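For reference, the chains in residue letters:
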Amino acid sequence: MTQPLLGVERLGVTYPGRGFRRPASAVLKEVSIEIAHGETLGLVGESGSGKTTLGRAILGLAPVTSGRIIFDGEDISHAGRSERRRLAKDLQVVFQDPYTSLNPAMTIESILAEPLQAAGAPTQEARARIRELLDQVGLPADAARRLPREFSGGQRQRVAIARALALSPRLIVCDEPVSALDLSTQARVLDLFIEIQERTGVAYLFVSHDLAVIRHISHRVAVMYRGEIVEQGDAELVTSEPEHPYTQRLLLAAPVAHPVRQEKRRAERFRLRELHREQNLQSGALPARV
Ligand SMILES: Nc1ncnc2c1ncn2[C@@H]1O[C@H](COP(=O)(O)OP(=O)(O)OP(=O)(O)O)[C@@H](O)[C@H]1O
């Protein structure tokens, strides 16, 4: 049986309180999601619903109070520092704000060299890989010598994507990676994410509050409301015929959809959906509408 790349099972996250004025609050309640190899699960919900916290818990940055996170068959819910260092090769992140996520004093080359050096890559190899990464994200080779401030928001986000790709991860948590960009740049960066996935087979947990963005990029969608997943299933279905009243409200408020995807992408989505269905049938846990 094919096991999912990531399985989050009844996850609970409670941040510790700070005395009477700020009591401990359960931010995630019994959250369960799965991501297959090469798949994009879009995570949508309003501000404060817990999307970032779920991404952070997967990355080991938020306290897991109940449930489990299984990555490639391994329980990583309480992974220590050295395990996290090892996991960094397979599990990466792209944050929302390309203006703060890149060190302004470092050249693009040093930014991209960091993960490669940490993984022990020899200098020549690292240089070649940096050239390859810049090419992959559509930046010129001479970008390596420049500083982040010399680039636009969209270009900086390309650098952040290149950094996440450096060690060929299998899953990238993308936390609102296009919300700081203008609409036409958003579309180009979203297409870059899709193109990279088609080329490398990387999977994404793609967090956004914008249903149109989620619809454009995802194979499947999970909808989060007040720390719970209220609906999940095939992206096309959830974003056109939602079952939960909250998703219906989101859809009413959503702007016009992005242009229709190419046939190739549809075929790929179909293949992944079938794979997922098969997987769930075999495990006897067929989630709604998948
Ligand atoms: N470190 C923390 N300590 C205590 N509470 C926190 C912490 N981080 C987040 N929260 C709370 O957890 C809840 C969920 O926040 P989270 O950032 O995960 O939501 P979100 O859906 O990603 O929202 P946004 O789209 O605004 O980023 C919020 O009520 C927030 O105040």
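Residues numbered from 1 in each chain as written. Predicted model: local features only at pLDDT ≥ 70, side-chain atom pairs only at ≥ 80, totals over all residues.

**Let's talk about the overall build of the protein chain**
Each helix and strand counted, the protein chain has ten helices and ten strands in total. For the protein chain, buried positions account for 40% of its 290 residues. Considering only contacts in the protein chain between residues 6 or more positions apart, those separated by 24 or more positions represent 69%. (Helix = DSSP H or I, 4+ residues; strand = E, 2+ residues; numbered from the N terminus. Buried ≥ 20, exposed ≤ 12 C-beta atoms within 10 Å, placed from the backbone. Contact = placed C-beta atoms within 7 Å.)

**Comments concerning the confidence of the model for the protein chain**
Mean pLDDT for the protein chain: 88, with 85% of residues reaching 70 or above. Counted against residues more than four places away or in other chains, residues 258-262, with its pLDDT under 50, gives five contacts. Every residue in residues 285-290 scores below 50 in pLDDT, and together they form 16 contacts with partners more than four places removed in sequence or on other chains. The ipTM assigned to the predicted complex is 0.95, against a pTM of 0.87. (pLDDT = per-residue confidence, 0-100.)

**Details of the site of the ligand**
Taken together, Tyr 15, Val 27, Gly 45, Ser 47, Gly 48, Ser 49, Gly 50, Lys 51, Thr 52, Thr 53 and His 209 form the complete shell of residues around the ligand. It is helix α1 (residues 51-58) that provides the largest number of residues to the shell around the ligand, a total of three residues. By residue class, the composition of the shell around the ligand is two nonpolar, eight polar and one charged. (Near = placed C-beta within 6 Å. Nonpolar A, V, L, I, M, F, W, Y, C, P; charged D, E, K, R; others polar.)

**Remarks on the domain arrangement of the protein chain**
In terms of domain boundaries, the protein chain breaks down into domain 1 (6-90 + 169-283) and domain 2 (100-166). Listed by partner, the interface residues are eleven residues for domain 1 and eleven residues for domain 2. If you tally residues by element for the side of domain 1 that touches domain 2, the top one is helix α6 (residues 183-200), at five residues. A per-class count over the side of domain 1 that touches domain 2 returns eight nonpolar, one polar and two charged. (Domains from an automatic or database assignment.)

**Points about the environment of Leu 192**
The residue Leu 192 is located in helix α6 in this model. For Leu 192 and Ile 108, which are 84 residues apart along the polypeptide, the C-alpha to C-alpha distance reads 19 Å.

**Comments concerning the pairing of strand β3 (residues 40-44)**
Counting buried residues along β3, five of its five residues qualify, which places the element largely inside the surrounding structure. Residue alternation in β3 divides its side chains into two sets, Thr 40, Gly 42 and Val 44 and Leu 41 and Leu 43, and both sets are buried. Relative to strand β8 (residues 203-208), β3 runs parallel, the two being bridged by five bridges. The partner of Leu 41 across the bridge, within β8, is Leu 205. Alignment of β3 against strand β9 (residues 220-225), held across four bridges, turns out to be parallel. What sits directly across from Leu 41, in β9, is Arg 220. (Pairing = 2+ DSSP bridges.)

**Observations regarding the sheet that holds strand β4 (residues 64-71)**
Spatially, β2-β1-β4-β5 is the arrangement adopted by the four strands of the open sheet, whose pairing is antiparallel. Strand pairing shows two members of the sheet lacking a second neighbour, β2 (25-35) and β5 (74-75), which therefore form its edges. Relative to β2, strand β1 (residues 6-15) runs antiparallel, the two sharing seven bridges. Bridged to Leu 6 within β2 is Ile 35. Contacts from α1 reach β1, β2 and β4, with the element oriented near 65° to β2. (Axes fitted to C-alpha atoms, helices over the stretch in contact; angles between N-to-C directions.)

**Points about the sheet that holds β3**
If you trace the six strands from one edge of the open sheet to the other, you get β6-β7-β8-β3-β9-β10, paired in mixed fashion. The open sheet has two edge strands, β6 (91-94) and β10 (228-234), and neither has a second partner. Averaged over all neighbouring strand pairs, the angle between strand axes comes to 15°, with direction disregarded. Both β9 and β10 contribute to a ladder of six bridges, which runs antiparallel. Paired with Ala 222 across the bridge in β10 is Gln 232.

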